[in-house]
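Structural overview for review
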Amino acid sequence: MSKGRGRIWEGSGRPMPRFILAYLLLLSALPCTGFLPNFWSRVLTLSWDSHTHQYITEQAVLNVTLETLTGTERPQGNAAEERARLGRGFWRAMGEVVKANAAMDFVSSTRSDPVYHFDSERVDSAVTMLRQFWAQTVLSVRAKEYQSARHSLGQLFHSLQDFYSHSNWVEMGQHSIYLHLLQPEEPAIPVAKEDTPTCMECFSPTCRNNLLPRLTNSQQHSQMLTTGYFSTFPPKPQGKCSHGGVLDSSRFLGAKGGINKDSTSPLFSPHYYLHVEAATLATEATLTVLRDLRDTVGHKDFLRLFSVKQVPALVFVMDTTGSMFEEITAARLRAHSIIQSRANSPGQTGTFLLVPFHDPAVGPVYETDDPNQFMQHMENLMALGGGDEPEMCLSAIQLALTHSPPLSEIFVFTDASPKDAHLFDAVKALALEKQSKVTFLLTEDPKYTTEVSGRRRRRRRKRRIMEPLSPDRFSLYSSLSSVSGGLTIFTTNSDIHRVSAIVEDNTAADKVTLLHVEISQELMSSHSFRVDSSVKNITLHFTGVLTECILTNPSDHSQSLLGGTGPLAALEHFEGLYRIRLLPPVQPGQWIVRAKSDGNLTFNVIGGSSVDFLYYFATVTNETHPGLARVEGSPIAGVPAFLVLAVTGLAPDEEASFSHLTLLGAQGETLQQVKLNSSSSSSSSSSSSSHSVDELVGQVDAVPRVPFCVRLTGRDGRGNKLERVSTEMVQPTHVQIQVFSVPRLVPGHSTMVDFDILNHGPARLFSLSMDDDRGYLHSRGPHRFHVAEQGSFRDQVNVHTPATAQAGATVTLTLTVRALDSADSNYAVAYLTVVPPDPDTSPPSCSAVGGRSTCPSACNESSWSASLVVSDRGRAGLAALQLQTGEGTLTLFLSPPTREEGSVGEGQEQAHSGDQTTSGDHHHHQHQHKARLEKGDSPLNVSQWVQGSSQPLWVRYTSSCCSARAELLVWDTAGNMKRCPLTPGQQRQTRDRSTETSGTGRMIPTHVLFLLFVLPWSPSL
């Protein structure tokens, strides 16, 4: 696994030319597909100004997000300031889309499949797949399954962007995107048949004019599409174009050469000189998808998809057995306080999640954006029942992790140990994958319990028999909080309300961690944290029993914290928790905490600042594209790796530099220091300020063999040292799980998910466990198997989707593997989406059937109109309409109106109505004017108006000549959308045509019956 890795960075931070040349030689025998995956690919291909998949995707998402924010809220500053306020969650969500995009070049099931990359003239299959990705994304967003949606959206972007790099679209002189790829009603260009030559021989790295003349023809009636073949599968027919470049073995077969525009390097891209044009069109296509998605799902859900300005979710996991009255009351009061605080602050209130549990029942999950609804759920909780002491706590945490967004803080209130310990590995995997912290508030002495006649009693109120139990019964809670970066607090009923203040502290907006340490020794220990100029409201949390604690500020002034309030800090001590607030003004610089405890001690230092970071481990890949492939699960111990991180939240005028990362052991000890070098994903031709996120990379010489967390160090604009800590504990290992593919699930069918177990240690036995959140697995394990030294084990999981499964639902599949002879373990989490068995991907249609335009030079003296028939081309039926742009009025009819009815709104003032109905008897038909729409109105639900999927609606748009353009959006119930332009002078014509995509490009008119009905309605010309 470590072959070809070498040392990249020297002290100067410059790439080593010898390494690059050696690496290029290593790559020269391997195939290549697509734009380069990510920023590191530019280094490896020596094409510093290439536009990568990562850059194209990030710029498009950022632009449409800011564009959407401008339309939904008043901007609070310029664009750069708005970027800085998008939040850490936004960049994490963006990273998920980018990861799914880049993975198409790295995952074995997709990297060499021509359909995923528009290679080998598999255009028709690739178009079908693109539309499936689109339908899956819309389904997931509407089901609020945002992680699944981000995954399918990233896959869609990759294939869509590859089309412009791998086809002859640019060479045909096209300056606009190919609409037919995602809009089947738009004209299609035929694809060259297998026996049709497409390229001429090329004997130089720069293959100018190597396409045959018909393949560069700009005349629409004689155009033909082709895409390059690469490697040996499928075999390249004689005379076909290759992908080309030093990584493509098919370039030596006739016709020699290639046509890819992946980079600006002629070594890798024969048509490198057209790279910018291809990247520009790929960017425009990506922007179009994002805008269509926003208009399909609505602005609010679009912003939620990317976690824009999301405050931390409030997630409670509540034991509701009879002994939990005080705990439920405390959680209720704390939730109310948080809601009140957020109500007084601008911005979103966030997501609220409640998972009750006892034994044996778990759930249901109460998830809402409405704080009042959440409080009603909290008020409905009752402490009833109970039995034996263990409860189904881990099952409830698993539900909370599955339903909550990434980067959440989850708070568990209980006084019972877990009855479902077998779920620990799956729960730990979800917490690490989502980077969510789990904090336990336990109102129970870990050393004792009270049992009377087999029934639990409330230990604080009635203690008849005290039975010593193993203190390890809560060890799984402590392990989970430690791994995820949370806390485990043992407190009492009398203190639970005050202890729950930690919920409010940890769910504050823009919370960052400055220090996180766990101490198991009883000796005095010393730890430091740094305060920079951006940090406000600093709070220290200690769990355990302190016997001595001294705080020293940067001026070397000290205060004994156990003595109460002093000049530096104020202490609040509750059973199990010390809460310390630094008193303003807080001096920037290094602060030192010296502490001694009676037993285990954990302390955490947090503050308020927008400046934070995200990171991931990566390794150099040499399969189909040079680049850095993200490590899924835990990294492999003892081998080199790269750490890639993004600094988020820096204001445009905020100067900061970052020098290194420190890998810290559990007790805060330094394990390794990693130097950082800037590698912004933006092209060198673009300003790095366009990102508002500073991307950095450094090489880890050898991943430590013990758990560690990551601390980022730099300096702020005033020269103060700046530090941030990511508190989840990385668990190095010697075993990996690689999931080959993430298939779609179809109701009533079984689906196989293939995976590999890779053993990086000696030959040994392993145990594999599988779990999912919906009970679709045939078998959960554990299963035992033997893997040879440095060997692998391939297997598959059978997921059976019941016929009643709802389209859009996501199944969270968790695989965990553990060595039987050591602590080595690892995990993989896959999100599987349920899709309809035969999805409807055909959008609605809008056929122009008439119009009137008498617009003189003085526009305010006249008006124009346009008439359309709107129907659904597929099986789903019409769902909604919305006037997206235009200053006029749109009138809807259930049947073809008469000339008089069609003139409603022309020259006369009518009251605007969201659902106004008039009827009359005209020519022995019943005609109904159903509603009127104006710009700014919400989408109008019309699904109840049409009988069957084929019934049309008639619309009439009337506007002043001063507003010469408008756009109508039409959706069907399957989520497909159609944009219908409205302009003066639209005459009696059918704009929508269905297109055969078999290669003939023949157009077939539709809606002939509709025209027969509406001809009498059309005005005289």
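Scoring rules and cut-offs
Residues numbered from 1 in each chain as written. Predicted model: local features only at pLDDT ≥ 70, side-chain atom pairs only at ≥ 80, totals over all residues. Heavy atoms only, no water. Helix = DSSP H or I, 4+ residues; strand = E, 2+ residues; numbered from the N terminus. Buried < 20%, exposed > 50% of the residue type's maximum accessible area, 1.4 Å probe, protein only. Contact = heavy atoms within 4.5 Å. Areas by Shrake-Rupley, 256 points an atom, 1.4 Å probe, with all protein chains shown as cover. Disulfide = S-S within 2.5 Å. Pairing = 2+ DSSP bridges. Salt bridge = Lys/Arg side-chain N within 4 Å of Asp/Glu carboxyl O. pLDDT = per-residue confidence, 0-100. Axes fitted to C-alpha atoms, helices over the stretch in contact; angles between N-to-C directions. Core = buried A, V, L, I, M, F, W, Y, C linked by side-chain atoms within 4.5 Å. Left-handed = near helix turned anticlockwise from the far one by under 90°. Nonpolar A, V, L, I, M, F, W, Y, C, P; charged D, E, K, R; others polar. Phe/Tyr/Trp six-rings, centres within 6.5 Å; stacked < 30°, edge-to-face > 60°. Lys NZ or Arg CZ within 6 Å of the ring centre and 35° of its normal.

Considering the overall build of the chain
Of regular secondary structure, the chain possesses 19 helices and 46 strands. The proportion of buried residues among the 1021 residues of the chain is 59%. In the chain, the proportion of contacts linking residues at least 24 apart, taken out of those at least 6 apart, comes to 73%. For the chain, the exposed area adds up to about 39,600 Å²; of that, 51% sits on carbon and sulfur atoms.

Re the state of the cysteines
For the coordinates displayed, the defined rule picks out four disulfides. Here C202 pairs with C207 through a disulfide, and the sulfurs are 2.1 Å apart. Across the S-S bond of C202 and C207 the torsion is about -95 degrees, and the bridge reads as left-handed. By relative accessible area, which is 1% here, C207 ends up buried. What pairs with C859 in a disulfide is C962, and their sulfur atoms sit 2.0 Å apart.

Quick notes on the pairing of strand β17 (residues 589-597)
Looking down a regular strand, the side chains alternate between one sheet face and the other. Examined bridge by bridge, strand β11 (residues 525-531) and β17 share seven bridges and lie antiparallel to one another. Paired with S525 across the two strands is A595, which belongs to β17. Of the strand pairs in this sheet, strand β13 (residues 546-552) and β17 are connected by six bridges, and their pairing is antiparallel. Pairing of C549 across the sheet is with A595, part of β17.

With respect to the environment of H800
Structurally, H800 is set in strand β32 (residues 792-800). When its relative accessible area of 31% is taken as the criterion, H800 is described as partly exposed. Every residue in contact with H800, bar those within four places of it in the chain, is listed here: G748, H749, S750, Y776 and H778.

Things to note about the pattern of salt bridges
Counting across every chain of the model gives 37 salt bridges. A salt bridge links E632 to K99; its shortest N-O distance comes to 3.8 Å. Of this pair, E632 sits in the loop between β20 (627-630) and β21 (641-648) while K99 sits in helix α5 (residues 88-103), and the two are 533 residues apart along the sequence. Exposure remark for K99: the relative accessible area of 24% places this residue in the partly exposed category. In this structure, the salt-bridge partner of R780 is D772, at a minimum N-O distance of 3.0 Å. Residue classification places R780 among the partly exposed positions, given a relative accessible area of 30%. Through salt bridges that share partners, E67, R291, D292, R294, D295, E967 and R979 make up one connected network.

Examining the confidence of the model for the chain
Chain-level statistics for the chain give a pLDDT mean of 83 and a share of 82% at 70 or above. Confidence, expressed as mean pLDDT per element, reaches its minimum in the chain at helix α19 (residues 1008-1014) with 35 and its maximum at helix α8 (residues 146-166) with 97. For residues 680-692, every residue scores under 50 in pLDDT, and the model assigns this stretch 43 contacts once sequence neighbours within four places are set aside. For residues 903-927, every residue scores under 50 in pLDDT, and the model assigns this stretch 52 contacts once sequence neighbours within four places are set aside.

Thoughts on the sheet that holds strand β33 (residues 810-819)
The pairing of strands in a sheet comes from backbone hydrogen bonds and takes either a parallel or an antiparallel form. Overall, antiparallel pairing links the four strands, which are arranged β31-β30-β33-β34 in an open sheet. Every other strand in the sheet has two partners, leaving β31 (783-787) and β34 (825-833) as the edge strands with one partner each. Neighbour to neighbour, the strand axes of the sheet diverge by 25 degrees on average, direction disregarded. Relative to β33, strand β30 (residues 764-772) runs antiparallel, the two sharing seven bridges. By the bridge assignment, M770 is partnered in β33 with L815.

Details of helix α14 (residues 424-434)
In terms of burial, α14 is largely enclosed, as ten of its eleven residues are buried. Along α14, the positions that sit buried rather than exposed are F424, A426, V427, K428, A429, L430, A431, L432, E433 and K434. The first or second residue beyond α14 is Q435, which carries a positive phi of 55 degrees.

Concerning the environment of V742
Relative to the assigned elements, V742 resides in the loop between β28 (735-739) and β29 (750-759). Judged by its relative accessible area of 35%, V742 is partly exposed. If near-sequence neighbours (up to four positions away) are discounted, V742 is found in contact with H151, A830, Y831 and L832.

Observations regarding the sheet that holds strand β37 (residues 878-885)
Pairing in this open sheet of four strands is antiparallel, and the strands run β41-β37-β43-β44 from one edge to the other. Edge positions in the sheet fall to β41 (940-941) and β44 (977-982), since each has one partner strand and no second.

Some points on the nonpolar core
One finds F90, Y164, W169, Y178, L181, L290 and F306 to be the most contacted residues of the largest nonpolar core, which totals 61 residues. For this core, the secondary structure elements donating two or more residues are α3 (53-72), α5, α7 (123-142), α8, α9 (275-297) and α10 (299-305). Examining the composition of this core, we find that ten residues originate from one element, α9, more than from any other. Setting aside its immediate chain neighbours within four residues, Y178 contacts F163, Y164, W169, P187, A188, I189 and L225.

So, the packing of α8 against α9
The contact between α8 and α9 brings their axes to 8 Å, and the two run at 145 degrees. Note that α8 runs across α9; the crossing there is right-handed. Only A278, L281, A282, A285, T286, V289, L290 and L293 of α9 make contact with α8, whose side of the interface consists of L153, L156, F157, L160, Q161, Y164 and S165. The class makeup of the residues in the contact of α8 with α9 is twelve nonpolar, three polar and no charged.

Thoughts on the packing of aromatic side chains
By the definition in use, this model includes 22 aromatic pairs. Seen in terms of ring centroids, F163 and Y164 are 5.0 Å apart; in terms of plane orientation they differ by 85 degrees. Their pairing is edge-to-face. Here F163 matches Y164 in class, with each residue buried. Seen in terms of ring centroids, F302 and F306 are 5.4 Å apart; in terms of plane orientation they differ by 65 degrees. Their pairing is edge-to-face. This pair shows no difference in class: F302 is buried, exactly as F306 is. Grouped by ring-pair contacts, the aromatic residues F118, F163, Y164, W169 and Y178 constitute a single cluster. Cation over ring: R208 sits above Y273, and NZ or CZ is 4.0 Å from the ring centre. Across the ring face of Y616, the terminal group of R630 is positioned such that the distance to the ring centre comes to 3.8 Å.

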